[in-house]
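# Coordinate inspection notes
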Amino acid sequence: QVQLVESGGGLVQAGGSLRLSCAVSGGTFSNYGMGWFRQAPGKEREFVIGISRIIGSTRYADFVKGRFTISRDNAKNTVYLQMNSLKPEDTAVYYCAATNTVIATTRGAYIYWGQGAQVTVSS
């Protein structure tokens, strides 16, 4: 059973930074493309950023361009989301997810999900 566990969420002021981690167990981490999604209250879960399973190429939503980066450490079975220049509208629960495709930007392509980490950005 593949399990994903996020950590690193919390409260930060606007303009600040946070780094989320997602530890993966129960599968071969390097076989999975990884992604981060987020869901704000009353809104649909949306794609934030993703990274491919081998080369480490990335895809990201326009709203995080230049602010968020994703990286992975295949030796530690962990993917990271570095969030800089945070805005109040970034407040959401952030979910880590794994896909058995190379890389994906759609929710339906992801087969394993973490439980979510709350990120709150105060103005």
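First things first, this report covers the structure right here in the doc. (Residues numbered from 1 in each chain as written. Predicted model: local features only at pLDDT ≥ 70, side-chain atom pairs only at ≥ 80, totals over all residues. Heavy atoms only, no water.)

## Section: the state of the cysteines
A covalent bond between the sulfur atoms of two cysteines is what we call a disulfide. Under the defined criterion, the tally for this structure stands at one disulfide. Each sulfur of the disulfide joining Cys22 and Cys96 lies 2.1 Å from the other. On the sign convention where negative means left-handed, the S-S torsion of about -80° between Cys22 and Cys96 marks this disulfide as left-handed. Of this pair, Cys22 sits in strand E3 (residues 18-25) while Cys96 sits in strand E9 (residues 92-99); the two residues are 74 residues apart in sequence, bridging distant segments of the chain. (Disulfide = S-S within 2.5 Å. Helix = DSSP H or I, 4+ residues; strand = E, 2+ residues; numbered from the N terminus.)

## Structural notes on the pairing of strand E1 (residues 3-7)
Here E1 shows a clear split, with Leu4 and Glu6 buried on one side and none of Gln3, Val5 and Ser7 buried on the other. Note that E1 and E3 share five bridges and pair antiparallel. From the neighbouring strand, Ser7 faces E3, where its bridge partner is Ser21. (Buried < 20%, exposed > 50% of the residue type's maximum accessible area, 1.4 Å probe, protein only. Pairing = 2+ DSSP bridges.)

## A closer look at the pattern of salt bridges
A full pass over the atoms with the stated rule returns three salt bridges. Residues Arg38 and Glu46 are paired through a salt bridge, measuring 2.8 Å at the closest nitrogen-oxygen approach. Under the relative-accessibility criterion, Glu46 is labelled partly exposed at 32%. Of the charged contacts in the structure, one is a salt bridge between Arg38 and Asp90, with a shortest N-O distance of 2.8 Å. With Arg38 in strand E4 (residues 33-39) and Asp90 in the loop between strand E8 (78-83) and E9, the pair connects residues that are 52 residues apart, well separated along the chain. We note that Arg38, like Asp90, is buried. A single salt-bridge network, built from bridges that share partners, covers Arg38, Glu46, Arg67 and Asp90. (Salt bridge = Lys/Arg side-chain N within 4 Å of Asp/Glu carboxyl O.)

## Let's talk about the packing of aromatic side chains
Enumeration over the complete set of coordinates arrives at five aromatic pairs. Ring centres of Phe37 and Phe47 lie 5.6 Å apart, and the angle between their planes is 75°; this geometry places the pair in the edge-to-face category. You can see Phe37 sitting in strand E4 and its partner Phe47 sitting in strand E5 (residues 46-51), a full 10 residues away along the chain. With respect to burial, Phe37 and Phe47 carry one shared label: buried. Lying over the aromatic face of Tyr95, Arg45 brings its terminal NZ or CZ to 3.6 Å of the ring centre. Here Arg72 stacks its cationic end above the ring of Phe29, 4.3 Å away from the centre of that ring. (Phe/Tyr/Trp six-rings, centres within 6.5 Å; stacked < 30°, edge-to-face > 60°. Lys NZ or Arg CZ within 6 Å of the ring centre and 35° of its normal.)

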